[in-house]
Amino acid sequence: MITLQPLRWGKPYESMEIKDVVHFDTGEPIAKFGSVGGGIVARDMKQAHKARAALLKHSTADLIAMSKKAADLFENAELPVGDSMQSVDQFVHQQSASTGLPEHMCRSNLKKNSFVLSHIDEILDCLTRGLDLDILSRGYGEEGRGVIVSYQAQTPVLGAILPNNSPGVHTLWLPAIPLQIGLALKPGSQEPWTPYRMVSAFIQAGVPAEAFGLYPGGHDAGGAIMTKTPRSMIFGSAETVAQHAGNPRVQAHGPGWSKILIGDDVVDDWELYLDVMVESVLSNSGRSCINCSGIWASRHTREIAQAIAERIGPVDVLPPTDDQAQLAAFTVPAMATGTYAMVQQDLAESGVTDMTADYGDKLIEREHCAYLRPMVVHADSPDRGVAMKEYMFPFVSVVECPQAEMLRRIGPTLVGTVLTRDPELVAAAGACVEIDRVNFGPIPTNRLNWLQPHEGNIIDFLFRSRAYQVADLPVAATA
């Protein structure tokens, strides 16, 4: 059985507080997980400057080359993880066993993380708008226009409180290392596998081990990372995001409420976009913030909802080793029962219809876990409460709304796919501040272009642009 211990700036720490990581279906332990308290984290953060100092000994070009090597190791190699050597197959099985994700989804997320790291030079070139990365290292330089520009690192390390729901979110902190910013990570209790394996891949590729801190633990460990690092990420609920709103030190990632908007000019041909809608809702078992939770149109909404229900309503629970499995387990059964109770409250409102009611039970309870099968609901107005709901399983509301009201009624939208040829709607959607990431045309909400920023540009978060002027000092006359 593998044991994962905390990593304190590259040095394993033998914790006396050991917890079991259990298989979501059998309840049997599959790993042991050491943890630390907030006091240890706070002490380590006093040495955070050494993490950046170690990275600054390597050029950004060298760190990019190491990152690409780490991508290959992460995806293909047997790596030292915890007290064991871990193969790719073992990684996939362990991650599936603790998160409830089917194994093929774990492999897909593994490839997604590897892809981002292997293309990190292109991604950074886009995120910095072509800036010479050596300018970020020195803190200043000439862009080629005869003007000195300066970017000041705002932190020696990026802290992150990592989630359990989807391993794909780890792509958001990967650029820190080639940017010469260290990492202080609190792994999720059910998904420690990606950060541990990725850190091992970085170290095996030549990145200094002292650039990394891995701090599994309770809320106090996460709180210490948040308060002691000048820049940190956190993943959580809408309440979590609201708690950190307006705080420049924290980049909070929460629900996406991602949507598909169908313009009046194409809505009569909605069948052409059915595959796009189904993929947007069902991919990754609906766990991601980029999964579609709302489809808005002015007409044909019942037909649209019925067609999606016919496609995803029959999807049933399959073993996690089955390549056709499309549903992930809730490893904490109470989360499934609580979510289902909230959905039932949504369905009780007048004007809301469960379009998947004919496809059998939705809540599937097992001894140690539970599942929620896909649901499609129809809302006859954006005034219905369900129009603004997002749940962590394949769930979508199809909302009837006049096109003229859509953009002012949709609310916060991480990814908005807009299906239209209407230039006025294109211009209005492009200007809509509620949509963070906008797609025009039949692009599923779950398909990201990694050469575009996602939920904020990490460069702008970690570095501050400032004025930097230089004048020659006068030379004193010699006697």
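Quick caveat: nothing in here was measured; it's all calculated off a predicted structure.

Engineer: Can you walk me through the packing of aromatic side chains in this structure?
Structural biologist: Centre distance and the angle of the planes are the two values used to describe a pair of aromatic rings. Summed over all chains, the structure comprises 7 aromatic pairs. Arranged with centres 4.6 Å apart and planes meeting at 10°, the rings of Tyr140 and Tyr468 form a pair that is stacked. Of the two residues, Tyr140 sits in strand β8 (residues 140–142) while Tyr468 sits in the segment after β24 (463–466), which places them 328 residues apart along the sequence. Among the residues examined, Tyr140 registers a relative accessible area of 34% and is labelled partly exposed. Of the residues examined, Tyr468 reaches a relative accessible area of 28% and is grouped as partly exposed. Measuring from centroid to centroid gives 5.0 Å for Tyr391 and Phe395, while their planes differ by 90°, and the two rings are edge-to-face.

Engineer: What is the right way to read the packing of helix α1 (residues 38–45) against helix α9 (residues 219–228) from this model?
Structural biologist: Each pair of packed helices can be summarised by the angle the axes make with each other and by the distance between the axes. As a packed pair, α1 and α9 sit with axes 7 Å apart at the nearest point and diverge in direction by 25°. What the angle tells us is that α1 and α9 run roughly parallel. Relative to α9, the crossing made by α1 is right-handed. Between α1, through Gly38, Val41, Ala42 and Met45, and α9, the contact on the second element is made entirely by Asp220, Ala221, Ala224, Ile225 and Lys228. By residue class, the composition of the contact of α1 with α9 is 6 nonpolar, 1 polar and 2 charged.

Engineer: What am I meant to see in the sheet that holds strand β21 (residues 395–400) here?
Structural biologist: Each strand in a sheet pairs with another by means of backbone hydrogen bonds, the pair being arranged parallel or else antiparallel. Spatial ordering of the open sheet is given by β17-β20-β21-β16-β15-β22-β23, a layout of 7 strands whose pairing is mixed. Lying at the two open borders of the sheet, with one neighbouring strand each, are β17 (352–354) and β23 (435–440). The mean inter-strand angle of the sheet, taken between neighbouring strand axes irrespective of direction, is 20°. Note: strand β16 (residues 292–297) against β21, 4 bridges, orientation parallel.

Engineer: Help me understand the state of the cysteines, please; the structure alone is not making it clear to me.
Structural biologist: Covalently bonding the sulfur atom of one cysteine to the sulfur atom of another cysteine gives a disulfide. If you walk through the whole model with that rule in mind, you get 0 disulfides. Unpaired in terms of disulfides, Cys292 finds its nearest cysteine sulfur in Cys289, a separation of 13 Å. Unpaired in terms of disulfides, Cys432 finds its nearest cysteine sulfur in Cys401, a separation of 12 Å. In this structure Cys432 comes out as buried when scored by relative accessible area, which is 12%.

Engineer: So what exactly am I meant to see when it comes to the sheet that holds β8 here?
Structural biologist: Pairing is antiparallel in the open sheet, where 3 strands are placed in the order β8-β9-β24. Edge positions in the open sheet fall to β8 and β24, since each of these has one partner strand only. Mean inter-strand twist for the sheet, computed between neighbouring axes without regard to direction, equals 30°. Sheet analysis places strand β9 (residues 148–153) next to β24, joined by 4 bridges and oriented antiparallel. In the strand pairing of β24, Ala153 is matched with Phe463.

Engineer: Can you help me understand the pairing of strand β22 (residues 413–419) in this one?
Structural biologist: A regular strand places its side chains so that they alternate between the two faces of the sheet. Counted residue by residue, β22 has 7 buried out of 7 residues, so it is predominantly covered. Taken together, the 4 bridges between strand β15 (residues 258–262) and β22 define a ladder with parallel strand orientation. Bridge pairing in β22 places Lys259 opposite Gly416. Of the strand pairs in this sheet, β22 and β23 are connected by 5 bridges, and their pairing is parallel.

Engineer: For this particular structure, what's the right way to read the packing of helix α3 (residues 60–76) against helix α5 (residues 103–118)?
Structural biologist: Relative to each other, α3 and α5 sit at 165°, their axes nearing to 8 Å. In this view, α3 runs roughly antiparallel relative to α5, as classed from their interaxial angle. In the packing of α3 onto α5, the handedness of the crossing is left-handed. Along the contact surface, α3 presents Ser67, Lys68, Ala70, Ala71, Phe74 and Glu75, while α5 presents Leu110, Lys111, Asn113, Ser114, Leu117 and Ser118.

Engineer: So what exactly am I meant to see when it comes to the pattern of salt bridges here?
Structural biologist: Pairing of side chains with opposite charge becomes possible as their charged atoms draw close. Counting across every chain of the model gives 16 salt bridges. When the shortest N-O distance is used, the salt bridge between Asp44 and Arg8 registers 2.7 Å. Remark: Arg8 occurs in strand β2 (residues 7–8) and Asp44 occurs in helix α1; sequence separation between them is 36 residues. Using a relative accessible area of 7% as the deciding quantity, one classes Asp44 as buried. Residue Arg8 is classed as partly exposed on the basis of its relative accessible area, which comes to 22%. Connected through shared salt-bridge partners, Asp264, Asp268 and Arg299 make up one network.

Engineer: I'm lost on helix α4 (residues 88–99) in this one. Help?
Structural biologist: Because the α-helix completes a turn every 3.6 residues, residues three or four places apart line up on one side. The end-to-end C-alpha distance of α4 is 16 Å, a good match for the 16 Å that 12 residues give at a rise of 1.5 Å each. The buried count for α4 comes to 9 of 12 residues, which makes it a mostly enclosed element. Among the residues of α4, Val88, Phe91, Val92, Gln94, Gln95, Ser96, Ala97, Ser98 and Thr99 are the ones counted as buried. Gly100 sits one or two residues past α4 and shows a positive phi near 90°.

Engineer: Can you help me understand the nonpolar core in this one?
Structural biologist: Burial of nonpolar side chains together is a common tendency in soluble globular proteins. Core analysis: the largest hydrophobic core is formed by 75 residues, its most contacted members being Leu158, Trp173, Leu179, Phe202 and Phe212. At 7 residues, α3 tops the list of elements feeding residues into this core. With near-sequence residues (within four places) excluded, Leu179 lies in contact with Arg52, Leu124, Leu136, Ile458, Ile459, Leu462 and Phe463. Membership of the second largest hydrophobic core comes to 33 residues, among which are Trp270, Cys292, Ala297 and Val315.

About the cut-offs
- Residues numbered from 1 in each chain as written.
- Predicted model: local features only at pLDDT ≥ 70, side-chain atom pairs only at ≥ 80, totals over all residues.
- Heavy atoms only, no water.
- Phe/Tyr/Trp six-rings, centres within 6.5 Å; stacked < 30°, edge-to-face > 60°.
- Helix = DSSP H or I, 4+ residues; strand = E, 2+ residues; numbered from the N terminus.
- Buried < 20%, exposed > 50% of the residue type's maximum accessible area, 1.4 Å probe, protein only.
- Axes fitted to C-alpha atoms, helices over the stretch in contact; angles between N-to-C directions.
- Parallel < 35°, antiparallel > 145°, perpendicular 65-115°, else oblique.
- Left-handed = near helix turned anticlockwise from the far one by under 90°.
- Contact = heavy atoms within 4.5 Å.
- Nonpolar A, V, L, I, M, F, W, Y, C, P; charged D, E, K, R; others polar.
- Pairing = 2+ DSSP bridges.
- Disulfide = S-S within 2.5 Å.
- Salt bridge = Lys/Arg side-chain N within 4 Å of Asp/Glu carboxyl O.
- Expected span 1.5 Å × (residues − 1).
- Core = buried A, V, L, I, M, F, W, Y, C linked by side-chain atoms within 4.5 Å.

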